[in-house]
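# Per-entry structural report
Read off the chains here:
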Amino acid sequence: MCGIVGYVGFRNAAPILIQGLRRLEYRGYDSFGIATLAGNVCVHKKTGKVSHISDSAEILQGTLGIGHTRWATHGIPSDINAHPHLDCNEKIAVVHNGIIENYASLKRDLIERGHIFRSDTDTEVIAHLLEEVYDDDLLVAVQKTLPFLAGSYAILVLSEGENRLIAARNQSPLVLGIGDGEIFAASDITPILEYTSRVIYLDDGDVADIRPEIYTVYMENKPVQKEINEITWTPDAVMKGGFAHYMLKEMFEQPDVIHHAVHAVIDSTLPRSLKEAKTITVVACGSSYHAGMIFRYLLEPACGIPVRLELGSEYKYTPVPFSDVIIGVSQSGETADTLAAVKKGICNNVRTVAITNVLNSSITRSAHDTILMHAGPEISVASSKSFIAQLGVLMQIVNLLAGGTCSEVLSHGRYAIEQILLTDITKAVDLCVSADHLFYVGRGVFYPVMMEGALKMKEISYIHAEAYAAGELKHGPFALLSPETPVIAICLPGTAYEVMLGNLKEMKARGTPIIALGIADDIELLEIADVVIPVPPAHQWIQVLTCTVLLQMIAYHTANALGREIDMPRNLAKSVTVE
Amino acid sequence: MSLKAVILAAGEGRRLRPLTQNRPKALIPVANKPIIEHNINSLVNAGIRDIIVVVGFRKEQVMRHLSQLSFPVMIVQQAEQLGTAHALLCAKGMIKDDVLVIPGDNYIDSGSLRDIITIKNSLLYTTHKQPSNFGVITIEGDIVTSITEKPIKASRMTVSCGIYHISSELVWRIADNSMSEVIDAEIRLGTKITAIKAHSWQDAIYPWDLLTMNERLLTDITAQKAGIISSSAVIQGPVSIGKGTEIKPGVVITGPVFIGEDCKIGAHAVIEPGTSIGSRVTVNSHTTINKSIIMNDAVIASHCSISGSVIGEGCTIGENSLIVHKDGFIILDNTPIRSSCGVIMGNGVISSPNILLENVIVGNNVCIQGKSDKRFSNSVIPDKTQVM
């Protein structure tokens, strides 16, 4: 998914375009670019998020322009591949959302006819095709070019010497905003609503000729009348799609996310360094560290490969890495400490693998190999779907290294998460809301699951939450237990079950309220725990996923009940780019 | 002035259980798209883009689905499901002008919508064989003279489709809990409500009605052949195959059939007309499926025969299962209901090999185990039952 925006009017176009691209960032943010018309075509494009680096773009002059924010799914995001794209003479600029399916053959023909291509994108063929037929009328040129294009597109085009934009749509969204002496175009209404509430939805096959005062929409080269819709919504409501917070929306995207993450790695694309590794080091920070820890609990028994786990920030204080391969895990791919650790590995001749959500982020440019987790853009500062995606990728790596024995198990992940999202957790939330301190306890692989659960609770509800390996409680933290400190515990049938039940009984004896994640009809557990949240019986890997989601839900609903700023918790940033 | 549409998608659809246990009726996939999405497409084709959706039961699922559409719709939440008119009232703050009210859980074609747009204060009606399940209307000329919601004994076959074009003044007078009552009260007040015959309207009262709706909506599909299709597979008629789907050698598919993405259709499987298969579904070799809806992530083992059935998400059907479409009676809420299906199966059912099902409802997460041949007919297996 990408986002495009265009402006024709009387104001300086660049700031409007940049602001519009920020609005469209939820559609993708790995690179962006704008082009304006100030005598000639001026272009500014960059890799990275538009909200981070845009000051230099806003100085572009001109009252007419187009912009684009990209989320690459294939082909790398780079300054060159960022839109807008120009023709050979740099007189025509194009932004495009969609896929031109026949671009390869078009490109071959154009190169034969002497056109020089600068990028690897499908979009650039549109600029060169326009150049061939352009005869001082951009509208005619676009109408002549479109029949050659197969695939989906929403495009915006401008050319030197003409004070107008041409927009065209086929199977990708495109909307016009009709202002007073100015007209906007965008992938959806979010960039437009700040300026006007009057919008026109273009249909497949529509071509619009847009000038400051007047617009005409053509269908099959004939002008057609378009209805103007009056929109009364806020941009925020559109972007969140009815959900109260991005975090909730992203949590509900997790069934699809796990599916895509698991399929992001197949045997043939698994880096050789991982296949041949005798020892592995995982370096990560925050939630990613917890994902790495779960990886260790799963990989070591399945394959007998020792896994060393390091915090990114502490890695620089340890001696030269002794593993065969270092896996750096970072959602944004920009986490400074993880990045430094990967670089340290490279300096010491260790193979490195990056697991990240953002193509061409810093970590992917440093590491030898990259595995993308395909979670899609994550807006909420507290990660939910990207954590699940990391688990999906890491579980799939374990599965592949173990010879594919768990492929079927992993295929159940999607449905299991879909089901667990329906769980009623009100009683658990009621207990958490009134607490100042919470303890999260688990054993084995469920210990890191609890660490992640406690982190979520801290991040968004501001309640002090600590995770302990259940056996460690008696070595100190037990002194803190009281009727005012609820304990959340995972107590599922398995090797740790009996001893876990014993631990819970001891806690109960101190009057501590207990919220247990366990099997629905576990009579013994029902007797001990104040609240039992049912976890469906399933393979342990699936239960790791479902418990993770349940803990996210408890944290989210607790924070919501407390009225917290869930998407932007105080003092926190989405990606930590300093040490 | 642009006409707004309000889609009412807050209801649960209790009579469609077990299918509506975990999702609202509007999200049941028919011809591989939730019912509500067919209606949104009809609205867009009729030229209406300003769409408000009232959500309630399992609202997160509805919102998630709607946020994946290519253009935004406005979401309004109904906290408690207090009837259709109350749902419309929830959106009242956003309605200034005339409004088109459409249920999200039964299908209407765009042609009928184009007709009703032109006449203010009107409703769409149709004739139905079981009128007492709907708002039964009487018409004189083309004016509605009365509307009675779900009468015990219906005097005629003309029923309201639940689709209304109402003026803003009328919206402001709404107070009752069902749209039929609101409209009936308006008629008594002297408002003229025009009756317009719907071209194509489909509702599912009971789960087996989905099969007819599925057959009807499949006739509108555009053929598409993405995925990896063996050259020895035989594909006839309108068939849509999604990307990433593998069709193995010797498979015979006769359209209209819709198959989603990333499915595996095993060697010599036969998919017959009127069948929709969701995404990530596995159908193993030599299995035959006829006139059925198979939802996402289901696994059908080899040598099965399935007809007239709805198989929920994530179900696993064992080898050599025989699911036969039969007419009969099923007891629902202590009342025998005429039914006609193979099986209506909720989500996450696991059934062992060699079972025979005819005219059966199987609840969510039921587990049918055991080695001996099992036979179930004209019955309901409740949610989460373990059959040993």
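The shown structure was predicted, so the numbers you read here are calculated from the model rather than taken from an experiment.

Broken down by element type, chain B carries seven helices and 39 strands. Taken over the C-alpha trace, chain B has a radius of gyration of 22 Å; the compact-globule value for 388 residues is 21 Å, and the two agree within 12%. Its C-alpha atoms give chain B principal-axis dimensions of about 65 × 45 × 35 Å. Within chain B, contacts between residues at least 6 apart in sequence are counted, and of these 47% link residues at least 24 apart. Carbon and sulfur atoms provide 50% of the accessible area of chain B, an area that totals close to 15100 Å².

Before going further, it helps to spend a moment on the interface of chain A and chain B. If you look at the interface, chain A gives 28 residues, while chain B gives 32 residues. Here chain A and chain B share an interface that buries about 2600 Å² over both sides, 53% of which is from carbon and sulfur atoms. Taken together, the links from chain A to chain B amount to three salt bridges. The partner of Asp203 of chain A in a salt bridge is Arg49 of chain B, and the shortest N-O contact between them spans 2.7 Å. Across the contact surface, chain A and chain B share six residue pairs in polar contact (both at pLDDT 80 or more). For the side of chain A that touches chain B, the secondary structure elements donating two or more residues are strand E15 (229-230), helix H5 (235-240), helix H6 (246-252), helix H7 (254-262) and helix H15 (413-420) of chain A.

Residue and element names in this part refer to chain A. Packing of H15 against helix H20 (residues 540-561) brings their axes to within 9 Å, and their N-to-C directions diverge by 30°. The orientation of H15 relative to H20 falls into the category roughly parallel. Where H15 crosses over H20, the two elements pack in a sense that is right-handed. Where H15 abuts H20, its residues Gly413, Ala416, Ile417 and Ile420 lie against Ile542, Leu545, Thr546, Val549, Leu550 and Met553. Its residues placed into classes, the contact of H15 with H20 shows eight nonpolar, two polar and no charged.

We now examine helix H4 (residues 110-117) of chain B. Taken together, the buried positions of H4 of chain B are occupied by Ser110, Gly111, Ser112, Leu113 and Ile116 of chain B. Between a side-chain oxygen at the N-terminus of H4 of chain B and the backbone nitrogen of Gly111 of chain B the separation is 3.3 Å; the capping residue is Asp109 of chain B.

What follows is about unusual backbone geometry. Residue and element names in this part refer to chain B. In this structure, the amide linkage connecting Arg17 to the following residue, Pro18, adopts the cis form with an omega of 10°. Within the secondary structure, Pro18 sits in the loop between strand E1 (4-9) and strand E2 (29-30). Cis geometry marks the peptide bond from Gly255 to Pro256; its omega dihedral reads 0°. Positioned with a positive phi, Lys150 is a non-glycine residue whose angle comes to about 40°. Inspection of the secondary structure assignment puts Lys150 in the loop between strand E10 (143-149) and strand E11 (158-166). With a phi close to 55°, His303 is a non-glycine residue in the positive phi region.

Attention shifts here to the domain arrangement of chain A. Domain boundaries in chain A define domain 1 (3-239), domain 2 (243-411) and domain 3 (423-579). Each of domain 1 of chain A and domain 2 of chain A was reduced to a C-alpha centroid, and the two centroids are 36 Å apart.

Once that is clear, we can look at the sheet that holds strand E25 (residues 531-534) of chain A. All names here are of chain A. Taking strand neighbours across the sheet as the criterion, the five strands line up as E22-E21-E23-E24-E25 in an open arrangement whose pairing is parallel. For this open sheet the edge positions go to strand E22 (464-469) and E25, each flanked by a neighbour on one side alone. Between one strand and the next, the sheet's axes are offset by a mean angle of 20°, whatever the strand orientation. Here strand E21 (residues 437-442) pairs with E22 via six bridges, running parallel. Opposite His437, over in E22, you have His464 as the bridge partner.

Now for the pattern of salt bridges. Residues and elements named next belong to chain A. Considering all chains together, one arrives at 42 salt bridges over all chains under this definition. When the shortest N-O distance is used, the salt bridge between Glu132 and Arg113 registers 2.8 Å. With Glu132 in helix H3 (residues 124-133) and Arg113 in the loop between helix H2 (103-112) and H3, the pair connects residues that are 19 residues apart, well separated along the chain. Since its relative accessible area comes to 36%, Glu132 is described here as partly exposed. Taking relative accessible area as the criterion, Arg113 reaches 47% and is therefore assigned partly exposed. Its salt-bridge partner being Asp209, residue Arg164 comes within 2.9 Å of it at the nearest N-O pair.

The next point concerns the side chain of Ser273 of chain A. Mapping Ser273 of chain A onto the fold places it in helix H8 (residues 272-276). If we ignore the near neighbours within four places in the chain, the residues touching Ser273 of chain A are Val325, Arg351, Val353 and Asp369 of chain A.

With that settled, consider the packing of aromatic side chains. The relation between two aromatic rings is expressed through the spacing of the ring centres and the mutual angle of the planes. For the coordinates displayed, the defined rule picks out six aromatic pairs over all chains. Here Phe243 of chain A and Phe252 of chain A contribute two aromatic rings whose centre-to-centre distance is 6.0 Å and whose plane-to-plane angle is 35°, an arrangement assigned as tilted. Phe243 of chain A gets classed as buried once you look at its relative accessible area, which sits at 4%. In this structure Phe252 of chain A comes out as buried when scored by relative accessible area, which is 6%. Taken together, a centroid distance of 5.4 Å and an interplanar angle of 70° make the contact between Phe134 of chain B and Trp201 of chain B edge-to-face. Linking Phe134 of chain B in the loop between strand E8 (122-127) and strand E9 (135-140) with Trp201 of chain B in strand E13 (residues 201-202), this pair joins segments that are 67 residues apart in sequence. The exposure classification of Phe134 of chain B matches that of Trp201 of chain B, with both residues buried.

Residue and element names in this part refer to chain A. Secondary-structure assignment places Leu492 in the loop between strand E23 (487-490) and helix H18 (497-509). Judged by its relative accessible area of 8%, Leu492 is buried. For the pair Leu492 and Leu517, spaced 25 residues apart in sequence, the C-alpha to C-alpha distance is 7.3 Å. Leu492 has contacts with Phe446, Tyr497, Leu517, Gly518, Ile519, Val535, Gln543 and Cys547, leaving out every residue within four places of it along the chain.

A few words now on the packing of helix H1 (residues 35-45) of chain B against H4 of chain B. The axes of two packed helices give the description: the angle between them and the distance between them. All names here are of chain B. Between H1 and H4, the least distance of the axes is 8 Å, while the angle of their chain directions is 50°. Of the possible angle classes, the one that applies to H1 and H4 is oblique. The crossing of H1 and H4 is right-handed. Contacts between H1 and H4 involve Ser42, Leu43 and Asn45 from the first element and Ser110, Leu113 and Arg114 from the second.

Turning our attention to the pairing of strand E10 (residues 183-186) of chain A. Residues and elements named next belong to chain A. Residues of E10 alternate between two faces, with Ile183 and Ala185 on one and Phe184 and Ala186 on the opposite face, all of them buried. Examined bridge by bridge, strand E1 (residues 3-8) and E10 share four bridges and lie antiparallel to one another. Note on E10: the bridge partner recorded for Val8 is Ile183. In this structure, strand E9 (residues 175-178) lies alongside E10, joined through four bridges in antiparallel fashion. Across the sheet, the residue bridging to Ile178 is Ile183, located in E10. Turn length for the E9-E10 hairpin, with the two strands adjacent in sequence and antiparallel, is four residues, and the turn residue Gly181 shows positive phi of about 75°.

Next up on the list: the pairing of strand E5 (residues 74-77) of chain B. Regular strands place their side chains on alternate faces of the sheet. Residues and elements named next belong to chain B. Relative to E5, strand E4 (residues 51-55) is paired through four bridges, and the arrangement is parallel. When the bridges of E5 are listed, Val54 appears paired with Val76. Between E4 and its parallel partner E5, the chain crosses via helix H2 (residues 59-67), and the hand of that crossover is right-handed.

Our focus in this paragraph is the environment of Thr338 of chain A. All names here are of chain A. Along the chain, Thr338 turns up in helix H11 (residues 336-347). Owing to a relative accessible area of 0%, Thr338 belongs among the buried residues under this scheme. In this structure the C-alpha to C-alpha distance between Thr338 and Arg70, which are 268 residues apart in sequence, comes to 25 Å.

Calculation rules
- Residues numbered from 1 in each chain as written.
- Chains lettered and ligands numbered in written order.
- Predicted model: local features only at pLDDT ≥ 70, side-chain atom pairs only at ≥ 80, totals over all residues.
- Heavy atoms only, no water.
- Helix = DSSP H or I, 4+ residues; strand = E, 2+ residues; numbered from the N terminus.
- Rg over C-alpha atoms; globule rule 2.2 N^0.38 Å.
- Contact = heavy atoms within 4.5 Å.
- Areas by Shrake-Rupley, 256 points an atom, 1.4 Å probe, with all protein chains shown as cover.
- Buried area = accessible area lost by both parts, 1.4 Å probe.
- Salt bridge = Lys/Arg side-chain N within 4 Å of Asp/Glu carboxyl O.
- Polar contact = N/O pair within 3.5 Å; in protein donor to acceptor, adjacent residues only side chain to side chain.
- Axes fitted to C-alpha atoms, helices over the stretch in contact; angles between N-to-C directions.
- Parallel < 35°, antiparallel > 145°, perpendicular 65-115°, else oblique.
- Left-handed = near helix turned anticlockwise from the far one by under 90°.
- Nonpolar A, V, L, I, M, F, W, Y, C, P; charged D, E, K, R; others polar.
- Buried < 20%, exposed > 50% of the residue type's maximum accessible area, 1.4 Å probe, protein only.
- Domains from an automatic or database assignment.
- Pairing = 2+ DSSP bridges.
- Phe/Tyr/Trp six-rings, centres within 6.5 Å; stacked < 30°, edge-to-face > 60°.
- Right-handed = clockwise from strand over helix to strand, strands pointing away.

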